[in-house]
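Given next are the chains, with one letter for each unit.
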Amino acid sequence: MSVRVITNPAEDGAFRRSAEGLMAGGARSPMELQDGLRSDYPGVRVVSGITDRETERWYVYREGHWIRRAEFGPTS
């Protein structure tokens, strides 16, 4: 089964690249990904979401919860 990582806020490219880099480096569970991001993003939360037969989705929240686009700050 493959994993699709969905980061929030989506506009934070550095955060997305960090998550993707840890996945490429072998993070095998939401907790491993969360632990790997914690030093740079202390409020991070990773949640396994709806899966289908081929893809599991991991939602990666930089601030520990979903942020609307208007709330996104200049931390990218």
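Sequence order as written defines the numbering, with residues in each chain counted from 1. For a predicted model such as this one, the threshold for reporting local features is a pLDDT of at least 70, and the threshold for listing and counting side-chain atom pairs is 80 or more; totals across whole chains, interfaces and linings nevertheless cover every residue. Values reported for side chains reflect all heavy atoms of the structure, with hydrogen atoms and water molecules removed beforehand.

Colleague: Even after reading the chapter, I still don't get the packing of aromatic side chains, so can you show me in this structure?
Modeller: Geometrically, a pair of aromatic rings is defined through the distance of the ring centres and the angle of the planes. Any two of the Phe, Tyr and Trp rings considered here, Trp counted by its six-membered ring, make a pair once their centres fall within 6.5 Å; the pair's planes then place it as stacked at under 30 degrees, edge-to-face at over 60, or tilted in between. Enumeration according to the criterion identifies one aromatic pair in this entry. Ring geometry for F15 versus Y41: centroids 4.8 Å apart, planes at 70°, classification edge-to-face. Linking F15 in helix α1 (residues 13-24) with Y41 in the loop between α2 (30-37) and β2 (45-51), this pair joins segments that are 26 residues apart in sequence. Given a relative accessible area of 15%, Y41 falls into the buried group. What counts as a helix is a DSSP run of H or I of at least four residues, what counts as a strand is a run of E of at least two, and both are numbered from the N terminus. Exposure categories follow from relative accessible area, calculated using a 1.4 Å probe and restricted to protein chains: below 20% of the type maximum is buried, above 50% is exposed, and the middle band is partly exposed.

Colleague: Teacher, can you tell me more about the pattern of salt bridges here?
Modeller: Note on pairing: side chains with opposite charge can pair once their charged atoms come close. Only one rule defines a salt bridge in this text: a Lys or Arg side-chain nitrogen within 4 Å of an Asp or Glu carboxyl oxygen. Scanning the model with the defined rule gives five salt bridges in all. Across the pair R16 and E20 runs a salt bridge whose closest N-O atoms are separated by 4.0 Å. Here E20 and R16 lie together in helix α1, a separation of four residues that amounts to about one turn. Classification of E20 as partly exposed rests on a relative accessible area of 42%. Through salt bridges with shared partners, a single ionic network connects D12, R62 and E63.

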